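# Structural overview
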Amino acid sequence: MHYYIGVDLGGTKIRVALAGVGDQIVAARSFPTGAGRGAAAVLQALQGGINELLAGAGCSRHAVAGIGVCAAGFYDREEDIMVHSPNLPGWDGLPLRRELEELFGLPVIVENDASAAAYGEYRHGAGRGQENLLLLTLGTGIGGGLVLGGKLYGGSRGFAGEIGHIPMLPDGPRCGCGRSGCLEALASGTAIALEGRKLLAAGTSSLLREKKGDAADLGAADVFEAARRGDGAAGRIIEQASFFLGRALAIAANILNPGIIILSGGMAASGDQLFEAVRRHFYASVSPPIAAGLEIAAAQLGADSGILGILALLREYLSTQ
Ligand SMILES: [Zn+2]
């Protein structure tokens, strides 16, 4: 038994990877999730994808020691059920781990995707050498993961680190979680794109108007690009999102006193533009002794941080069995 399988189960695509000892990925493939077809069809697609992965790598299933899955959503570690996943409709209450163990006849672990990404960066990326870190995934939503004292911290049921749902603004925009004014509803890629579209609908003069096609296609990347080119209205959208991000991180840092804060995900790829503004607002509000020596850094593992994290967690889990 010398191989491990890591799965990143996203709302739009699934990535599966085969790794040897030391978490080196030897083969990987991605395919559409087809989340709209329901859980049974997705699990069938996952089974097919893993079979193809093994066949392509010339690896027998008997050489695989276990499967680690990271997925977006509230996964209850105590009950081993998916309590709620906004990207996987119809999965609420699904005993994902048991279903997968029955399907594959192998030991399986399941973890929240941002938590797995935090552990991946801790073991192999920007968080190496830090025992206490906080990672934020900035994309269509905002996820968070915590490594405290060198261990992944899940809280009492595995839900810890939901920084995206810190309530930042009374009577703010509605959030996918059912509350209002959450960080995610104010500063995610989805929220930034929505502000851009509102700006167009209000008739404000902006470089965003140059964008061809439907206003509904306008994405956060378009707002970032317009801001980079000096568009004032787009710049104010980025500035406001960065303000809420910086303050939410200051709240979290005051509680946790991390050694590093890592930003990952599609929005973090905007680089200096976002980091400069988030750092400015963060250091203006965080408690000064906590700010000393605390760095806000970019993730280093790209799209593989979740898979590398779940592989490391899987090997550790199997070594205790
Ligand atoms: Zn929320």
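That block above? That's the structure.
Criteria and thresholds
- Residues numbered from 1 in each chain as written.
- Predicted model: local features only at pLDDT ≥ 70, side-chain atom pairs only at ≥ 80, totals over all residues.
- Heavy atoms only, no water.
- Disulfide = S-S within 2.5 Å.
- Helix = DSSP H or I, 4+ residues; strand = E, 2+ residues; numbered from the N terminus.
- Donors = N, O, S within 2.8 Å, 3.2 Å for Na, K, Ca; no water.
- Tetrahedral: all angles 85-135°; square planar, octahedral: opposite > 155°, others 65-115°.
- Axes fitted to C-alpha atoms, helices over the stretch in contact; angles between N-to-C directions.
- Parallel < 35°, antiparallel > 145°, perpendicular 65-115°, else oblique.
- Left-handed = near helix turned anticlockwise from the far one by under 90°.
- Contact = heavy atoms within 4.5 Å.
- Nonpolar A, V, L, I, M, F, W, Y, C, P; charged D, E, K, R; others polar.
- Pairing = 2+ DSSP bridges.

Below, the discussion takes up the state of the cysteines. Enumeration over the complete set of coordinates arrives at 0 disulfides. Summary of cysteine pairing: cysteine 59 is not part of a disulfide, and the nearest cysteine sulfur, belonging to cysteine 70, is at 20 Å.

You will see that aspartate 80, though not glycine, has its phi angle at about 55°, which is positive. Within the secondary structure layout, aspartate 80 lies in the loop between β5 (74-76) and β6 (81-84).

Quick look at the coordination of the zinc ion now. Looking at the zinc ion, one finds its protein donor set to be His165 (ND1), Cys175 (SG), Cys177 (SG) and Cys182 (SG), positioned 2.0 to 2.3 Å from the metal centre. Coordination geometry of the zinc ion: the 4 donor atoms subtend angles of 104 to 122° at the metal centre, consistent with an arrangement described as tetrahedral. Between consecutive donors of the zinc ion, the numbers of intervening residues give the motif H-x9-C-x1-C-x4-C.

In this section: the packing of helix α7 (residues 232-256) against helix α8 (residues 272-285). One can describe the packing of α7 onto α8 by two numbers: an axis separation of 7 Å at closest approach and a directional angle of 45°. As the angle between them shows, α7 and α8 are arranged oblique. As for the relative orientation of α7 and α8, their crossing is right-handed in sense. Between α7 and α8, the contacting residues are Glu239, Ser242, Phe243, Leu245, Gly246, Arg247, Leu249, Ala250 and Ala253 on the first element and Leu274, Ala277, Val278, Arg280, His281, Phe282 and Ser285 on the second. The residue makeup of the contact of α7 with α8, split by class, is 9 nonpolar, 4 polar and 3 charged.

Here the focus is the sheet that holds strand β11 (residues 260-264). Strand order in the open sheet formed by 5 strands is β10-β9-β8-β11-β12, and the pairing between neighbours is mixed. Single-partner strands in this sheet number two, and they are β10 (151-152) and β12 (295-298). Pairing geometry for strand β9 (residues 142-148) and β10, over 2 bridges, is antiparallel. Bridge pairing in β10 links leucine 148 to lysine 151. Set on the sheet, helix α3 (residues 113-124) makes contact with β8 (133-138), β9, β10 and β11; between it and β9 the angle comes to about 50°.

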